[in-house]
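Structural description and commentary
Here is how the chains run, residue by residue.
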Amino acid sequence: MAGWKSEALFKKSKEIMPGGVNSPVRAFRAVNQNPVFIERAKGSKIYDVDGSEYTDYVCSWGPGILGHADSRVIEAVKKACNNGLTFGAPTEKEYVLASIIQELVPSMEMLRLVNSGTEAVMSAIRAARGFTGRDKIIKFRGCYHGHSDGLLVKAGSGALTQSVPDSLGVPEGCTESTLVAEYNDILSVKSLFKKYGSGIAAVIVEPVAANMGVVPPVPGFLEGLREITKQYKSILIFDEVITGFRLAKGGAQEYFGIVPDITVLGKIAGGGMPLAVYGGRRDIMEMVAPLGGVYQAGTLSGNPVAVTAGIETLKILKDDNDIYNKIEENTTKIRLAAEKAFGSSVCVSQAGSLMSVFFTEEKVTDYVTAVSSDTEKYAMYFDYMLKNRIYIAPSQFEAMFISAAHTDEDIERTCYIIKQAAELLKSYMGMC
Ligand code: HOZ
(Lines give C-alpha, C1' and ligand atoms only; values in the text may rest on other atoms or scores of the structure.)
Protein backbone atom coordinates (compact mmCIF):
# COMPACT_ATOMS: atom_id res chain seq x y z
CA MET A 1 0.00 0.00 0.00
CA ALA A 2 1.19 3.46 -0.86
CA GLY A 3 2.24 5.62 2.11
CA TRP A 4 0.94 9.13 2.70
CA LYS A 5 3.73 10.88 0.80
CA SER A 6 3.09 8.70 -2.26
CA GLU A 7 -0.62 9.40 -1.94
CA ALA A 8 -0.02 13.15 -1.76
CA LEU A 9 2.33 13.10 -4.75
CA PHE A 10 -0.13 11.01 -6.74
CA LYS A 11 -2.92 13.45 -6.00
CA LYS A 12 -0.83 16.41 -7.21
CA SER A 13 0.52 14.50 -10.23
CA LYS A 14 -2.98 13.60 -11.40
CA GLU A 15 -3.69 17.30 -11.81
CA ILE A 16 -1.01 17.74 -14.45
CA MET A 17 -0.28 14.31 -15.96
CA PRO A 18 -2.89 11.93 -17.39
CA GLY A 19 -3.55 9.39 -14.62
CA GLY A 20 -0.74 10.98 -12.62
CA VAL A 21 1.90 8.98 -14.49
CA ASN A 22 4.10 8.99 -17.57
CA SER A 23 3.21 5.46 -18.66
CA PRO A 24 -0.17 3.85 -17.94
CA VAL A 25 0.95 0.60 -16.33
CA ARG A 26 2.59 2.62 -13.53
CA ALA A 27 -0.79 3.84 -12.34
CA PHE A 28 -1.52 0.47 -10.58
CA ARG A 29 -5.13 0.64 -11.80
CA ALA A 30 -5.28 -3.02 -12.75
CA VAL A 31 -4.59 -3.95 -9.15
CA ASN A 32 -6.99 -1.37 -7.69
CA GLN A 33 -4.26 0.53 -5.88
CA ASN A 34 -2.44 3.82 -6.02
CA PRO A 35 1.22 3.73 -7.04
CA VAL A 36 4.14 3.99 -4.69
CA PHE A 37 6.47 6.80 -5.72
CA ILE A 38 10.10 5.74 -5.85
CA GLU A 39 12.90 7.86 -4.44
CA ARG A 40 15.99 5.76 -5.03
CA ALA A 41 17.22 2.23 -5.66
CA LYS A 42 20.31 0.16 -5.01
CA GLY A 43 21.05 -3.46 -5.86
CA SER A 44 17.90 -5.56 -5.55
CA LYS A 45 16.06 -2.91 -3.53
CA ILE A 46 13.96 0.12 -4.30
CA TYR A 47 12.91 2.69 -1.70
CA ASP A 48 9.75 4.74 -1.85
CA VAL A 49 9.26 8.35 -0.74
CA ASP A 50 7.74 7.10 2.53
CA GLY A 51 10.93 5.25 3.43
CA SER A 52 9.75 1.69 2.69
CA GLU A 53 12.21 -0.77 1.19
CA TYR A 54 11.08 -3.32 -1.40
CA THR A 55 12.77 -6.23 -3.12
CA ASP A 56 12.29 -5.24 -6.73
CA TYR A 57 11.26 -7.71 -9.44
CA VAL A 58 10.18 -5.07 -11.96
CA CYS A 59 13.78 -3.90 -12.46
CA SER A 60 12.53 -0.92 -14.49
CA TRP A 61 10.72 -3.43 -16.76
CA GLY A 62 13.93 -5.18 -17.69
CA PRO A 63 16.97 -2.91 -17.92
CA GLY A 64 18.10 -3.67 -14.37
CA ILE A 65 19.78 -7.01 -15.03
CA LEU A 66 22.72 -6.02 -12.79
CA GLY A 67 20.38 -4.60 -10.16
CA HIS A 68 20.04 -0.91 -9.49
CA ALA A 69 22.80 1.70 -9.50
CA ASP A 70 25.68 -0.70 -10.14
CA SER A 71 28.70 1.32 -9.00
CA ARG A 72 30.73 0.48 -12.14
CA VAL A 73 28.00 1.85 -14.40
CA ILE A 74 27.31 4.86 -12.21
CA GLU A 75 30.97 5.90 -12.06
CA ALA A 76 31.31 5.70 -15.85
CA VAL A 77 28.09 7.69 -16.32
CA LYS A 78 29.26 10.41 -13.90
CA LYS A 79 32.47 10.78 -15.88
CA ALA A 80 30.56 10.93 -19.15
CA CYS A 81 28.28 13.66 -17.77
CA ASN A 82 31.30 15.79 -16.94
CA ASN A 83 32.30 15.67 -20.59
CA GLY A 84 28.98 17.02 -21.83
CA LEU A 85 25.45 15.69 -22.05
CA THR A 86 24.82 15.75 -25.78
CA PHE A 87 26.68 16.79 -28.92
CA GLY A 88 24.44 15.85 -31.84
CA ALA A 89 27.62 14.66 -33.53
CA PRO A 90 29.30 11.25 -33.75
CA THR A 91 31.48 9.96 -30.91
CA GLU A 92 33.96 7.13 -30.50
CA LYS A 93 31.75 5.63 -27.81
CA GLU A 94 28.93 5.05 -30.29
CA TYR A 95 31.33 2.94 -32.32
CA VAL A 96 32.43 1.08 -29.17
CA LEU A 97 28.87 0.26 -28.15
CA ALA A 98 27.91 -0.75 -31.69
CA SER A 99 30.95 -3.07 -31.82
CA ILE A 100 30.10 -4.74 -28.50
CA ILE A 101 26.51 -5.26 -29.60
CA GLN A 102 27.66 -6.70 -32.90
CA GLU A 103 30.06 -9.06 -31.16
CA LEU A 104 27.31 -10.34 -28.85
CA VAL A 105 24.57 -10.40 -31.50
CA PRO A 106 26.41 -11.26 -34.74
CA SER A 107 23.25 -11.18 -36.87
CA MET A 108 23.34 -7.39 -36.45
CA GLU A 109 25.81 -6.78 -39.24
CA MET A 110 24.92 -3.08 -39.21
CA LEU A 111 22.92 -1.22 -36.62
CA ARG A 112 21.58 2.13 -35.52
CA LEU A 113 21.31 3.55 -32.00
CA VAL A 114 18.05 5.32 -31.19
CA ASN A 115 16.25 6.35 -27.99
CA SER A 116 13.37 3.98 -27.30
CA GLY A 117 12.04 0.58 -28.23
CA THR A 118 9.05 2.21 -29.91
CA GLU A 119 11.36 4.21 -32.16
CA ALA A 120 13.60 1.24 -32.90
CA VAL A 121 10.68 -0.98 -33.92
CA MET A 122 9.13 1.75 -36.05
CA SER A 123 12.45 2.21 -37.84
CA ALA A 124 13.04 -1.54 -38.25
CA ILE A 125 9.67 -1.93 -39.93
CA ARG A 126 10.37 1.02 -42.20
CA ALA A 127 13.68 -0.56 -43.21
CA ALA A 128 11.96 -3.90 -43.91
CA ARG A 129 9.32 -2.17 -46.02
CA GLY A 130 11.90 -0.09 -47.85
CA PHE A 131 13.99 -3.15 -48.60
CA THR A 132 11.19 -5.41 -49.79
CA GLY A 133 9.02 -2.75 -51.43
CA ARG A 134 6.06 -4.33 -49.65
CA ASP A 135 3.67 -2.80 -47.11
CA LYS A 136 2.06 -5.53 -45.04
CA ILE A 137 3.45 -6.79 -41.76
CA ILE A 138 2.38 -9.63 -39.50
CA LYS A 139 2.34 -9.18 -35.74
CA PHE A 140 0.97 -11.48 -33.04
CA ARG A 141 -2.02 -10.97 -30.81
CA GLY A 142 -0.82 -10.02 -27.32
CA CYS A 143 2.69 -9.08 -28.43
CA TYR A 144 3.71 -5.49 -27.77
CA HIS A 145 6.14 -3.53 -29.90
CA GLY A 146 5.81 -0.04 -28.48
CA HIS A 147 3.15 2.54 -29.15
CA SER A 148 3.65 3.54 -32.80
CA ASP A 149 0.40 3.73 -34.78
CA GLY A 150 0.80 0.68 -36.98
CA LEU A 151 1.60 -1.63 -34.07
CA LEU A 152 -1.13 -0.71 -31.62
CA VAL A 153 -3.21 -3.54 -32.96
CA LYS A 154 -4.16 -6.34 -30.55
CA ALA A 155 -1.24 -5.13 -28.44
CA GLY A 156 -0.10 -6.48 -25.08
CA SER A 157 1.50 -4.74 -22.06
CA GLY A 158 -0.26 -1.61 -20.82
CA ALA A 159 -2.59 -1.64 -23.83
CA LEU A 160 -3.90 -5.07 -22.80
CA THR A 161 -3.88 -4.17 -19.10
CA GLN A 162 -5.89 -1.00 -19.72
CA SER A 163 -8.21 -2.80 -22.19
CA VAL A 164 -7.15 -0.64 -25.15
CA PRO A 165 -5.34 -3.19 -27.35
CA ASP A 166 -6.51 -1.12 -30.34
CA SER A 167 -5.91 2.51 -29.41
CA LEU A 168 -8.17 5.44 -30.16
CA GLY A 169 -6.54 8.11 -32.28
CA VAL A 170 -4.93 5.69 -34.71
CA PRO A 171 -6.27 6.31 -38.24
CA GLU A 172 -7.52 3.21 -40.01
CA GLY A 173 -5.02 3.81 -42.78
CA CYS A 174 -2.17 3.32 -40.32
CA THR A 175 -3.21 -0.18 -39.36
CA GLU A 176 -4.67 -1.54 -42.59
CA SER A 177 -1.31 -3.07 -43.47
CA THR A 178 -0.98 -4.78 -40.08
CA LEU A 179 -2.07 -8.41 -40.13
CA VAL A 180 -2.53 -10.26 -36.86
CA ALA A 181 -1.64 -13.91 -36.28
CA GLU A 182 -1.81 -16.05 -33.15
CA TYR A 183 1.37 -16.44 -31.11
CA ASN A 184 2.63 -20.03 -31.09
CA ASP A 185 0.28 -20.96 -33.94
CA ILE A 186 2.31 -21.36 -37.11
CA LEU A 187 -0.80 -22.34 -39.08
CA SER A 188 -2.28 -18.88 -38.49
CA VAL A 189 0.90 -17.42 -40.02
CA LYS A 190 0.84 -19.80 -42.95
CA SER A 191 -2.72 -18.92 -43.80
CA LEU A 192 -1.86 -15.19 -43.87
CA PHE A 193 1.11 -15.90 -46.15
CA LYS A 194 -1.11 -18.01 -48.38
CA LYS A 195 -3.45 -15.07 -48.78
CA TYR A 196 -1.03 -12.12 -48.85
CA GLY A 197 2.39 -13.78 -49.38
CA SER A 198 4.06 -11.49 -51.89
CA GLY A 199 2.70 -8.40 -50.08
CA ILE A 200 4.16 -9.19 -46.67
CA ALA A 201 7.26 -7.15 -45.87
CA ALA A 202 7.95 -8.58 -42.42
CA VAL A 203 6.90 -10.72 -39.52
CA ILE A 204 7.62 -9.11 -36.18
CA VAL A 205 7.63 -11.23 -33.05
CA GLU A 206 8.77 -11.19 -29.46
CA PRO A 207 10.71 -14.47 -29.49
CA VAL A 208 9.46 -14.94 -25.93
CA ALA A 209 6.19 -13.09 -25.61
CA ALA A 210 6.58 -11.06 -22.42
CA ASN A 211 3.85 -8.46 -22.70
CA MET A 212 0.85 -10.73 -22.06
CA GLY A 213 2.73 -12.21 -19.14
CA VAL A 214 5.62 -14.45 -20.11
CA VAL A 215 4.70 -16.94 -22.84
CA PRO A 216 7.66 -18.92 -24.20
CA PRO A 217 7.60 -20.15 -27.80
CA VAL A 218 6.50 -23.74 -28.31
CA PRO A 219 9.06 -25.96 -30.06
CA GLY A 220 8.95 -25.36 -33.79
CA PHE A 221 7.23 -21.97 -33.68
CA LEU A 222 10.28 -19.74 -34.18
CA GLU A 223 11.74 -22.29 -36.60
CA GLY A 224 8.48 -22.18 -38.55
CA LEU A 225 8.61 -18.37 -38.74
CA ARG A 226 12.18 -18.52 -40.01
CA GLU A 227 11.25 -21.02 -42.67
CA ILE A 228 8.14 -19.31 -43.98
CA THR A 229 9.71 -15.84 -44.07
CA LYS A 230 12.60 -17.27 -46.09
CA GLN A 231 10.20 -19.00 -48.43
CA TYR A 232 8.32 -15.75 -49.16
CA LYS A 233 11.43 -13.49 -49.05
CA SER A 234 9.87 -11.64 -46.17
CA ILE A 235 11.91 -10.15 -43.30
CA LEU A 236 11.89 -11.80 -39.89
CA ILE A 237 12.16 -9.20 -37.12
CA PHE A 238 12.88 -10.30 -33.56
CA ASP A 239 11.77 -7.71 -31.06
CA GLU A 240 14.34 -8.45 -28.38
CA VAL A 241 13.70 -5.32 -26.35
CA ILE A 242 12.99 -7.57 -23.36
CA THR A 243 14.92 -10.75 -24.24
CA GLY A 244 18.05 -9.05 -25.61
CA PHE A 245 21.05 -9.58 -23.30
CA ARG A 246 18.63 -11.20 -20.83
CA LEU A 247 18.04 -14.76 -21.99
CA ALA A 248 21.68 -15.05 -22.99
CA LYS A 249 24.51 -12.73 -23.98
CA GLY A 250 23.24 -13.00 -27.53
CA GLY A 251 19.56 -12.80 -26.53
CA ALA A 252 16.74 -15.11 -27.57
CA GLN A 253 18.33 -15.73 -30.98
CA GLU A 254 21.30 -17.34 -29.24
CA TYR A 255 19.10 -19.09 -26.64
CA PHE A 256 16.88 -20.70 -29.28
CA GLY A 257 19.38 -20.82 -32.13
CA ILE A 258 17.24 -18.93 -34.66
CA VAL A 259 18.76 -16.06 -36.63
CA PRO A 260 16.39 -13.23 -37.61
CA ASP A 261 17.01 -10.71 -40.40
CA ILE A 262 16.51 -7.68 -38.17
CA THR A 263 16.76 -7.40 -34.38
CA VAL A 264 15.42 -4.71 -32.11
CA LEU A 265 17.06 -4.14 -28.74
CA GLY A 266 16.33 -1.79 -25.85
CA LYS A 267 16.23 -1.86 -22.05
CA ILE A 268 19.50 -3.63 -21.07
CA ALA A 269 21.26 -2.22 -24.16
CA GLY A 270 21.09 1.22 -22.53
CA GLY A 271 22.01 0.04 -19.04
CA GLY A 272 19.06 1.95 -17.57
CA MET A 273 19.32 5.03 -19.78
CA PRO A 274 17.03 5.80 -22.76
CA LEU A 275 18.64 3.88 -25.61
CA ALA A 276 17.47 1.31 -28.13
CA VAL A 277 18.93 -0.30 -31.21
CA TYR A 278 17.79 -1.75 -34.50
CA GLY A 279 19.96 -3.57 -36.94
CA GLY A 280 20.48 -6.70 -38.93
CA ARG A 281 21.49 -7.87 -42.38
CA ARG A 282 23.89 -5.50 -44.08
CA ASP A 283 21.89 -5.44 -47.33
CA ILE A 284 18.80 -4.30 -45.42
CA MET A 285 20.56 -1.76 -43.20
CA GLU A 286 22.30 -0.24 -46.21
CA MET A 287 18.85 1.03 -47.18
CA VAL A 288 18.93 3.45 -44.22
CA ALA A 289 19.81 7.14 -44.87
CA PRO A 290 22.33 8.50 -45.69
CA LEU A 291 23.23 5.29 -47.59
CA GLY A 292 19.74 4.59 -48.82
CA GLY A 293 16.26 5.97 -49.06
CA VAL A 294 14.82 4.80 -45.72
CA TYR A 295 14.80 7.86 -43.48
CA GLN A 296 15.43 7.74 -39.74
CA ALA A 297 17.09 10.37 -37.55
CA GLY A 298 17.21 11.83 -34.04
CA THR A 299 18.98 14.61 -32.13
CA LEU A 300 19.59 12.41 -29.10
CA SER A 301 20.32 9.17 -30.98
CA GLY A 302 23.56 7.75 -29.62
CA ASN A 303 23.49 10.14 -26.68
CA PRO A 304 26.92 9.95 -25.02
CA VAL A 305 25.64 9.41 -21.48
CA ALA A 306 23.19 6.67 -22.47
CA VAL A 307 25.83 5.06 -24.66
CA THR A 308 28.25 5.01 -21.72
CA ALA A 309 25.72 3.24 -19.50
CA GLY A 310 25.14 0.73 -22.30
CA ILE A 311 28.85 0.09 -22.82
CA GLU A 312 29.56 -0.49 -19.12
CA THR A 313 26.56 -2.77 -18.67
CA LEU A 314 27.31 -4.87 -21.72
CA LYS A 315 31.01 -5.10 -20.84
CA ILE A 316 30.09 -6.54 -17.45
CA LEU A 317 27.68 -9.04 -19.03
CA LYS A 318 30.20 -9.96 -21.72
CA ASP A 319 32.97 -10.71 -19.25
CA ASP A 320 30.91 -12.54 -16.64
CA ASN A 321 30.27 -16.19 -17.33
CA ASP A 322 28.13 -16.85 -14.25
CA ILE A 323 25.43 -14.19 -14.43
CA TYR A 324 23.07 -15.99 -16.80
CA ASN A 325 23.23 -19.30 -14.95
CA LYS A 326 22.73 -17.57 -11.64
CA ILE A 327 19.69 -15.52 -12.64
CA GLU A 328 18.08 -18.47 -14.40
CA GLU A 329 18.67 -20.73 -11.37
CA ASN A 330 17.18 -18.15 -9.04
CA THR A 331 14.17 -17.74 -11.33
CA THR A 332 13.71 -21.51 -11.35
CA LYS A 333 13.70 -21.49 -7.53
CA ILE A 334 10.92 -18.91 -7.49
CA ARG A 335 8.98 -20.74 -10.21
CA LEU A 336 9.18 -24.05 -8.33
CA ALA A 337 8.14 -22.35 -5.10
CA ALA A 338 5.12 -20.80 -6.83
CA GLU A 339 4.16 -24.09 -8.48
CA LYS A 340 4.41 -25.93 -5.17
CA ALA A 341 2.54 -23.25 -3.25
CA PHE A 342 -0.37 -22.75 -5.66
CA GLY A 343 -0.54 -26.22 -7.22
CA SER A 344 -2.65 -26.68 -10.31
CA SER A 345 -4.67 -23.50 -9.69
CA VAL A 346 -1.96 -21.50 -11.47
CA CYS A 347 0.26 -21.79 -14.51
CA VAL A 348 3.77 -20.53 -13.86
CA SER A 349 5.77 -19.77 -16.98
CA GLN A 350 9.50 -19.20 -17.22
CA ALA A 351 12.05 -18.34 -19.86
CA GLY A 352 15.52 -17.76 -18.46
CA SER A 353 15.22 -14.99 -15.87
CA LEU A 354 11.70 -14.00 -16.91
CA MET A 355 8.62 -15.50 -15.30
CA SER A 356 4.89 -15.04 -14.69
CA VAL A 357 2.29 -16.53 -12.40
CA PHE A 358 -1.00 -16.85 -14.31
CA PHE A 359 -4.09 -17.49 -12.22
CA THR A 360 -5.55 -20.09 -14.52
CA GLU A 361 -5.59 -23.86 -14.61
CA GLU A 362 -4.98 -23.77 -18.34
CA LYS A 363 -1.53 -24.16 -19.80
CA VAL A 364 -0.70 -20.68 -21.06
CA THR A 365 0.64 -20.81 -24.61
CA ASP A 366 -1.05 -17.91 -26.38
CA TYR A 367 -3.22 -14.83 -26.01
CA VAL A 368 -6.45 -16.71 -25.31
CA THR A 369 -4.96 -18.81 -22.53
CA ALA A 370 -3.06 -15.80 -21.12
CA VAL A 371 -6.22 -13.75 -20.77
CA SER A 372 -7.99 -16.71 -19.14
CA SER A 373 -6.02 -15.71 -16.03
CA ASP A 374 -8.14 -14.37 -13.19
CA THR A 375 -6.88 -10.80 -12.85
CA GLU A 376 -8.72 -10.27 -9.55
CA LYS A 377 -6.70 -13.07 -8.04
CA TYR A 378 -3.57 -11.50 -9.51
CA ALA A 379 -4.56 -8.22 -7.82
CA MET A 380 -4.85 -10.01 -4.46
CA TYR A 381 -1.51 -11.70 -5.02
CA PHE A 382 0.09 -8.36 -5.94
CA ASP A 383 -1.42 -6.73 -2.86
CA TYR A 384 0.00 -9.40 -0.56
CA MET A 385 3.43 -9.21 -2.14
CA LEU A 386 3.51 -5.40 -1.93
CA LYS A 387 2.40 -5.41 1.72
CA ASN A 388 5.30 -7.75 2.35
CA ARG A 389 7.66 -5.38 0.54
CA ILE A 390 8.04 -7.38 -2.63
CA TYR A 391 7.52 -5.23 -5.70
CA ILE A 392 6.20 -7.13 -8.72
CA ALA A 393 4.50 -5.83 -11.86
CA PRO A 394 1.14 -4.21 -11.12
CA SER A 395 -0.37 -6.15 -14.01
CA GLN A 396 -0.88 -9.78 -14.88
CA PHE A 397 0.26 -8.99 -18.40
CA GLU A 398 3.88 -8.10 -17.68
CA ALA A 399 6.91 -10.12 -16.62
CA MET A 400 8.75 -10.73 -13.36
CA PHE A 401 12.44 -9.86 -13.83
CA ILE A 402 15.18 -11.47 -11.77
CA SER A 403 18.51 -9.65 -11.58
CA ALA A 404 22.08 -10.52 -10.69
CA ALA A 405 21.71 -8.36 -7.59
CA HIS A 406 19.04 -10.58 -6.02
CA THR A 407 20.68 -12.35 -3.11
CA ASP A 408 20.01 -15.86 -1.83
CA GLU A 409 18.22 -14.23 1.06
CA ASP A 410 16.00 -12.22 -1.33
CA ILE A 411 15.10 -15.37 -3.22
CA GLU A 412 14.39 -17.42 -0.08
CA ARG A 413 12.23 -14.70 1.40
CA THR A 414 10.37 -14.24 -1.89
CA CYS A 415 9.63 -17.98 -2.03
CA TYR A 416 8.38 -17.84 1.55
CA ILE A 417 6.10 -14.85 0.91
CA ILE A 418 4.72 -16.54 -2.23
CA LYS A 419 3.88 -19.57 -0.08
CA GLN A 420 2.03 -17.35 2.38
CA ALA A 421 0.26 -15.53 -0.47
CA ALA A 422 -0.88 -18.90 -1.84
CA GLU A 423 -2.27 -19.93 1.55
CA LEU A 424 -4.17 -16.67 1.81
CA LEU A 425 -5.53 -16.89 -1.71
CA LYS A 426 -6.52 -20.52 -1.27
CA SER A 427 -8.46 -19.72 1.86
CA TYR A 428 -10.09 -16.81 0.05
CA MET A 429 -10.84 -18.93 -3.00
CA GLY A 430 -12.25 -21.59 -0.67
CA MET A 431 -14.57 -18.99 0.82
CA CYS A 432 -15.91 -17.96 -2.62
N1 HOZ B 1 7.22 -0.93 -21.81
C2 HOZ B 1 7.04 -1.96 -20.84
C3 HOZ B 1 6.65 -3.14 -21.62
N4 HOZ B 1 6.47 -4.27 -20.92
C5 HOZ B 1 6.05 -1.59 -19.79
C6 HOZ B 1 6.44 -0.38 -19.04
C7 HOZ B 1 5.77 0.86 -19.49
O8 HOZ B 1 5.06 0.88 -20.48
O9 HOZ B 1 5.97 1.83 -18.77
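One can find the structure itself at the top, above this paragraph.
Residues numbered from 1 in each chain as written. Predicted model: local features only at pLDDT ≥ 70, side-chain atom pairs only at ≥ 80, totals over all residues. Heavy atoms only, no water.

1. Some details on the overall build of the chain
Within the chain, the regular secondary structure consists of 15 helices and 14 strands. Over its C-alpha atoms, taken along the principal directions, the chain stretches across nearly 60 × 55 × 45 Å. Classification of the 432 residues of the chain by burial places 56% in the buried group. Taking the intrachain contacts of the chain between residues at least 6 apart in sequence as the baseline, contacts between residues at least 24 apart amount to 71%. In the chain, which carries 45 positive and 49 negative side-chain charges, the distance between the mean positions of the two groups comes to 1 Å. (Helix = DSSP H or I, 4+ residues; strand = E, 2+ residues; numbered from the N terminus. Buried < 20%, exposed > 50% of the residue type's maximum accessible area, 1.4 Å probe, protein only. Contact = heavy atoms within 4.5 Å. Lys, Arg positive; Asp, Glu negative; His and termini not counted. Charge placed at Lys NZ, Arg CZ, Asp CG, Glu CD.)

2. Quick notes on the pairing of strand β9 (residues 262-265)
Side chains I262 and V264 of β9 all project onto a buried face; the interleaved residues T263 and L265 project onto the opposite face, where all are buried too. Pairing of strand β8 (residues 235-240) with β9, which is carried by 4 bridges, proceeds in the parallel orientation. Looking across to β9, one finds that F238 is bridged to T263. The β-α-β motif built from β8, the intervening helix α9 (residues 251-256) and the parallel element β9 has right-handed crossover chirality. (Pairing = 2+ DSSP bridges. Right-handed = clockwise from strand over helix to strand, strands pointing away.)

3. A look at the environment of S356
Tracing the chain through its elements places S356 in strand β12 (residues 354-358). Taking relative accessible area as the criterion, S356 reaches 4% and is therefore assigned buried. From its side chain, S356 meets the backbone nitrogen of V214 in a polar contact 2.8 Å long. (Polar contact = N/O pair within 3.5 Å; in protein donor to acceptor, adjacent residues only side chain to side chain.)

4. Quick look at the site of the ligand
Around the ligand, a shell composed of S23, V25, W61, S157, N211, K267 and E398 is seen. S157 is positioned such that a nitrogen or oxygen atom in its side chain is 3.5 Å from a nitrogen atom of the ligand. At 2.6 Å, a side-chain N or O of N211 approaches a nitrogen atom of the ligand. In isolation the ligand has 280 Å² of accessible area, and contact with the protein removes 83% of it. Broken down by class, the residue content of the shell around the ligand amounts to 2 nonpolar, 3 polar and 2 charged. (Near = heavy atom within 4 Å. Areas by Shrake-Rupley, 256 points an atom, 1.4 Å probe, with all protein chains shown as cover. Nonpolar A, V, L, I, M, F, W, Y, C, P; charged D, E, K, R; others polar.)

5. Concerning unusual backbone geometry
The linkage connecting A289 with the following residue, P290, adopts the cis geometry, with an omega of 15°. Positionally, P290 belongs in the loop between α10 (282-285) and α11 (304-319). You will see that S157, though not glycine, has its phi angle at about 55°, which is positive. With respect to the secondary-structure elements, S157 resides in the loop between β5 (136-140) and α5 (158-161). Phi is positive for K233, which is not a glycine, with a value near 55°. Looking at where K233 falls in the secondary structure, it is placed in the loop between α8 (221-231) and β8.

6. Quick notes on the nonpolar core
Ranked by size, the top nonpolar core spans 71 residues in total, and within it I101, F245 and Y381 carry the most contacts. Apart from the residues lying within four places of it in its own chain, the contact partners of F245 are I65, I101, L104, V105, G251, L265, I268, A269, L314, L317 and Y324. Counting 29 residues, the second largest nonpolar core, distinct from the first, contains F140, Y183, M212 and F358. (Core = buried A, V, L, I, M, F, W, Y, C linked by side-chain atoms within 4.5 Å.)

7. Details of the layout of surface pockets
In this model, the second largest pocket occupies a volume close to 680 Å³. Every residue lining the second largest pocket is counted, 30 residues in all, and those nearest its centre are E94, A98, L111, R112 and L113. Those elements giving two or more residues to the lining of the second largest pocket turn out to be α3 (92-104) and β4 (110-114). Here the element with the most residues in the lining of the second largest pocket is α3; it accounts for 5 residues. Its residues placed into classes, the lining of the second largest pocket shows 16 nonpolar, 11 polar and 3 charged. (1 Å grid on protein atoms, 1.4 Å probe; cavity = no way out; pocket = protein on both sides within 12 Å on 5 of 7 lines; lining within 4 Å. Points joined across faces, edges and corners; volume = space filled by probe spheres on them.)

8. As for the packing of α3 against α11
One can describe the packing of α3 onto α11 by two numbers: an axis separation of 9 Å at closest approach and a directional angle of 35°. Here the hand of the crossing between α3 and α11 comes out left-handed. Along the contact surface, α3 presents K93, E94, V96, L97, I100, I101, E103 and L104, while α11 presents V307, T308, G310, I311, L314, K315 and K318. A class-by-class count of the residues in the contact of α3 with α11 yields 8 nonpolar, 2 polar and 5 charged. (Axes fitted to C-alpha atoms, helices over the stretch in contact; angles between N-to-C directions. Left-handed = near helix turned anticlockwise from the far one by under 90°.)

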